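Chain by chain, the residues run as shown.
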Amino acid sequence: MITFIIGLVILIVGAAIYGSFCERVMKPNSAVKTPAVAKRDGVDYVPMNKWKNCLIELLNIAGTGPVLGPIQGILFGPIAFITIPIGCVIGGAFHDYMSGMISLRNGGEQMPSLVKRFLGGKVYGVYNIFICFLMLLVGTVFIYTPGDLFVAHIMKGDASALSTEVIMVYGVIFAYYLVATLLPIDKIIGRIYPIFGFILLLSAVGIFFGLFINGYPLTEVWEAGIANVHPYGENFIPIFFITVACGITSGFHSTQATLIARSVTDEKHGRLVYYNTMIAEGFIAMSWAGAAMGAVNAGLATNENLFKQAAVVVGIIAQNMLGSIGGMIAVLGVIVLAITSGDTALRSLRLMLGDALHIDTKKKMNVFTLAFMIFAIVAVVLYYAKTDKSGFMMLWRYFSWANETIAVFAFAMIAVYMIRNNMPYIMAVVPGTFYMYMVSTYILHAPIGFGLSYTISYILAAVFTALYAVSIVKFGQSLKSSRNLR
């Protein structure tokens with residue numbers, strides 16, 4: 001338990017110190033009109049108070065990633081209790097804060113537009129295809145996982161096949177996503193999220209305190225060591241950082257930060273809305289990682305459960321810690337996490353495609369047509385993932401890798417922005433370079449990639465990473481004389 005507590009201290013104290021430093025670097029100005037005020041349209045640019053924005057941002061970014069990811073990631077041992085908070089403080093929270101703040105200062109532009117503005121048209125072309133692909137995967141994954149959790153743990157049914165129960169639950173989630181994608185952000189998201197938020201916070205706090213109340217035994221880092229202890233021989237580098245994405249750093253978050261930038265009314269709200277909400281997600285990840293380790297050490301679950309049936313472990317932990325009613329609330333909290341990320345992922349995709357294709361989204365028919373096209377593709381991918389034996393595993397692997405790759409683009413954009421504005425750009429270059437190495441190593445070695453040996457993958461990834469870091473810095477410095485960027 002000592003290692004776990006040390007990790008929490010790193011998360012909380014680190015957030016207070018580094019979050020304050022990030023804020024001093026950005027110098028938020030309350031006198032500047034934010035896009036929500038300057039461009040108010042009642043649909044996407046809608047001013048909302050900071051606490052509602054904070055809650056919506058948390059629900060947007062915290063899908064099943066900070067639950068299922070840490071449950072699988074804890075197989076690497078208690079080192080996860082240290083790497084999660086460190087990465088969250090200097091990587092994920094910084095990434096989210098800067099993405100949101102840069103959007104605030106550029107008219108509420110979404111990530112593809114910011115990438116085009118700061119990294120150029122060629123990079124934008126690649127990124128735009130990539131991010132749309134990721135949003136489709138996010139939308140699909142966050143129909144699949146909450147739907148199966150609801151059928152299995154709430155309805156006590158069989159979620160292993162495309163049954164009538166599964167189709168019904170998928171249909172309800174699908175319908176909600178469509179409504180949330182089409183209607184003004186304050187009509188659905190702004191009103192229903194407080195209810196979702198209560199369930200989320202109640203479940204997360206319940207799991208955290210359940211660790212101590214139930215006396216779950218946690219392994220200390222000095223007992224396990226820092227060597228590779230994964231029971232199935234997975235390499236810590238890069239698998240851990242691909243698996244535990246949302247609790248540390250997630251490229252998906254940058255798209256949600258820019259979405260909320262169209263509702264923030266004061267630049268000084270940025271630290272609470274962006275940085276601190278990511279720290280809250282780190283807390284959720286830590287809690288579920290601890291619960292997963294404790295469940296295995298107490299004999300309630302096995303390593304195989306964690307590795308292959310993470311969703312099943314959610315139910316085991318929730319019911320054992322909180323009882324039947326409390327456990328149901330905890331599972332509902334996890335379901336809420338996924339649904340409240342899936343709806344905004346598809347909403348973000350609509351906004352991105354609308355901006356990229358220069359579609360007038362003030363015309364309702366255009367918005368409906370765009371949404372219908374998106375949901376038709378999601379339905380096809382969802383059907384494949386559910387009916388093919390290895391469909392979901394393939395979907396999840398592509399989703400995880402794509403998620404971290406998007407973060408690499410975001411860090412590059414942030415670095416160029418900071419270079420242009422004489423800020424300490426090393427803050428963005430270091431995490432961006434780190435994740436460039438992770439995603440390069442993974443795709444070079446993975447069966448869904450090039451299938452190379454780890455030795456060759458590590459060497460080639462190092463070369464690609466060095467080129468990435470040098471290119472970003474040189475490109476940013478070459479643009480310093482330009483006057484068209486803020």
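Residues numbered from 1 in each chain as written. Predicted model: local features only at pLDDT ≥ 70, side-chain atom pairs only at ≥ 80, totals over all residues. Heavy atoms only, no water.

A. Focus on helix α3 (residues 50-61). An ideal rise of 1.5 Å per residue puts 16 Å on twelve residues; α3 measures up with 16 Å between its terminal C-alpha atoms. A large share of α3 lies buried, amounting to nine of its twelve residues. Along α3, the residues classified as buried are N53, C54, L55, I56, E57, L58, L59, N60 and I61. Where α3 starts, the residue carrying a side-chain oxygen 3.0 Å from the main-chain nitrogen of W51 turns out to be N49. (Helix = DSSP H or I, 4+ residues; strand = E, 2+ residues; numbered from the N terminus. Expected span 1.5 Å × (residues − 1). Buried < 20%, exposed > 50% of the residue type's maximum accessible area, 1.4 Å probe, protein only. Polar contact = N/O pair within 3.5 Å; in protein donor to acceptor, adjacent residues only side chain to side chain.)

B. Representation of the nonpolar core. Counting 158 residues, the largest nonpolar core has F94 and M418 as the members making the most contacts within it. In this view, F94 contacts Y18, C22, V89, Y275, F411, I414, M418, M427 and A428; residues no more than four positions away in its chain are not counted. (Core = buried A, V, L, I, M, F, W, Y, C linked by side-chain atoms within 4.5 Å. Contact = heavy atoms within 4.5 Å.)

C. How the structure looks around the packing of aromatic side chains. Applying the stated criterion across every chain yields a total of 25 aromatic pairs. Taken together through their ring pairs, the aromatic side chains of F4, F81, F208, F209, F212 and F283 make up a single cluster. Sitting over the ring of Y124, K116 keeps its end group 5.1 Å from the ring centre. The ring of Y144 is capped by K386, whose NZ or CZ atom sits 4.6 Å from the centre of that ring. (Phe/Tyr/Trp six-rings, centres within 6.5 Å; stacked < 30°, edge-to-face > 60°. Lys NZ or Arg CZ within 6 Å of the ring centre and 35° of its normal.)

D. Just the pattern of salt bridges, in detail. Within this structure, the stated rule accounts for four salt bridges. When the shortest N-O distance is used, the salt bridge between E23 and R271 registers 3.5 Å. Of this pair, E23 sits in helix α1 (residues 2-26) while R271 sits in helix α13 (residues 270-297), placing them 248 residues apart in sequence. (Salt bridge = Lys/Arg side-chain N within 4 Å of Asp/Glu carboxyl O.)

E. Summary view of the side chain of S457. Inspection of the secondary structure assignment puts S457 in helix α19 (residues 454-478). Residues within four places of S457 in sequence aside, it is in contact with T441, L444, H445 and L452.

F. Spatial organisation of empty space enclosed by the protein. Using the criterion set out here, one finds two cavities of 30 Å³ or more in the structure. The computed volume of the largest cavity comes to approximately 60 Å³. In this structure, the largest cavity is lined by G65, G69, I242, T243, A245, C246, W396, F399, S400 and N403. Of all the elements in the fold, those that place two or more residues in the lining of the largest cavity are α4 (65-73), α11 (236-243) and α17 (391-420). At four residues, the largest contribution of residues to the lining of the largest cavity is made by α17. Per-class residue counts for the lining of the largest cavity are five nonpolar, five polar and no charged. Estimated volume of the second largest cavity: approximately 30 Å³. (1 Å grid on protein atoms, 1.4 Å probe; cavity = no way out; pocket = protein on both sides within 12 Å on 5 of 7 lines; lining within 4 Å. Points joined across faces, edges and corners; volume = space filled by probe spheres on them. Nonpolar A, V, L, I, M, F, W, Y, C, P; charged D, E, K, R; others polar.)

G. Quick peek at helix α18 (residues 426-445). Given a rise of 1.5 Å per residue, 20 residues ought to cover 28 Å, and the 28 Å separating the end C-alpha atoms of α18 matches this to within 8%. The element α18 is extensively covered by neighbouring structure, given that 15 of its 20 residues are classed as buried.

H. Representation of the packing of α11 against α18 in the model. The interhelical angle for the contact between α11 and α18, taken along N-to-C directions, is 105°, at an axis separation of 9 Å. One finds that α11 runs roughly perpendicular with respect to α18. Counting all contacts with α11, which are made through I237, P238, I239, F241 and I242, the residues of α18 involved are F434, Y435, Y437, M438, V439, T441 and Y442. For the contact of α11 with α18, a count of residues per class yields eleven nonpolar, one polar and no charged. (Axes fitted to C-alpha atoms, helices over the stretch in contact; angles between N-to-C directions. Parallel < 35°, antiparallel > 145°, perpendicular 65-115°, else oblique.)

I. Layout of the side chain of S99. Here S99 shows up in helix α5 (residues 80-104). Aside from chain neighbours lying at most four places away, what touches S99 is M111, L114, S254, A257, T258 and I414.

J. Representation of the environment of V67 in the model. With respect to the secondary-structure elements, V67 resides in helix α4. For V67, a relative accessible area of 0% gives the class buried. The sequence separation of V67 and S287 amounts to 220 residues, and the corresponding C-alpha distance is 8.7 Å. The residues contacting V67, other than those within four sequence positions of it, are I284, W288, V314, V334 and L337.

K. Representation of the environment of A152 within the structure. Structurally, the position occupied by A152 is in helix α7 (residues 121-154). Here A152 falls in the partly exposed class, since its relative accessible area comes to 30%. Separated by 148 residues in the primary sequence, A152 and F4 place their C-alpha atoms 30 Å from one another. Non-local contacts of A152, meaning those with residues more than four positions away in its chain, are made with G157 and A159.

L. Structural view of the state of the cysteines. Counted according to the given criterion, the structure contains zero disulfides. The thiol sulfur of C22 is not disulfide-bonded, and the nearest other cysteine sulfur, from C88, lies at 12 Å. Here C246 stays unpaired: no disulfide links it, and the sulfur of C88, its closest cysteine neighbor, is 11 Å away. (Disulfide = S-S within 2.5 Å.)

M. Expanded view of a nonpolar patch on the surface. Where nonpolar side chains cluster on the molecular surface, the patch consists of I5, V9, I12, V13, I17 and F212 and spans about 550 Å² of accessible area. Take the nonpolar patch: its biggest share by element is five residues, from α1. Along the chain, the position of I17 falls in helix α1. For I17, a relative accessible area of 59% puts it in the exposed group. (Patch = residues over 30% accessible without salt bridge, like charges linked within 9 Å, V, L, I, M, F, W, Y side chains within 5 Å. Areas by Shrake-Rupley, 256 points an atom, 1.4 Å probe, with all protein chains shown as cover.)

N. How the structure looks around the packing of α5 against α13. Remark: α5 packs on α13, axes separated minimally by 8 Å, with the N-to-C direction vectors making an angle of 155°. Judged by the inter-axis angle, α5 sits roughly antiparallel to α13. At the point where α5 passes α13, the crossing takes the right-handed sense. In terms of residue class, the contact of α5 with α13 is built from 18 nonpolar, five polar and two charged. (Left-handed = near helix turned anticlockwise from the far one by under 90°.)

O. Structural detail: unusual backbone geometry. Looking along the chain, the bond that leaves I237 and enters P238 is cis, with omega of 10°. Summarising the element assignment, P238 is placed in helix α11. Unusually for a residue other than glycine, K27 sits at a positive phi of about 50°. Located in the positive-phi region is N422, a residue other than glycine, with phi close to 55°. For N422, a relative accessible area of 62% puts it in the exposed group.

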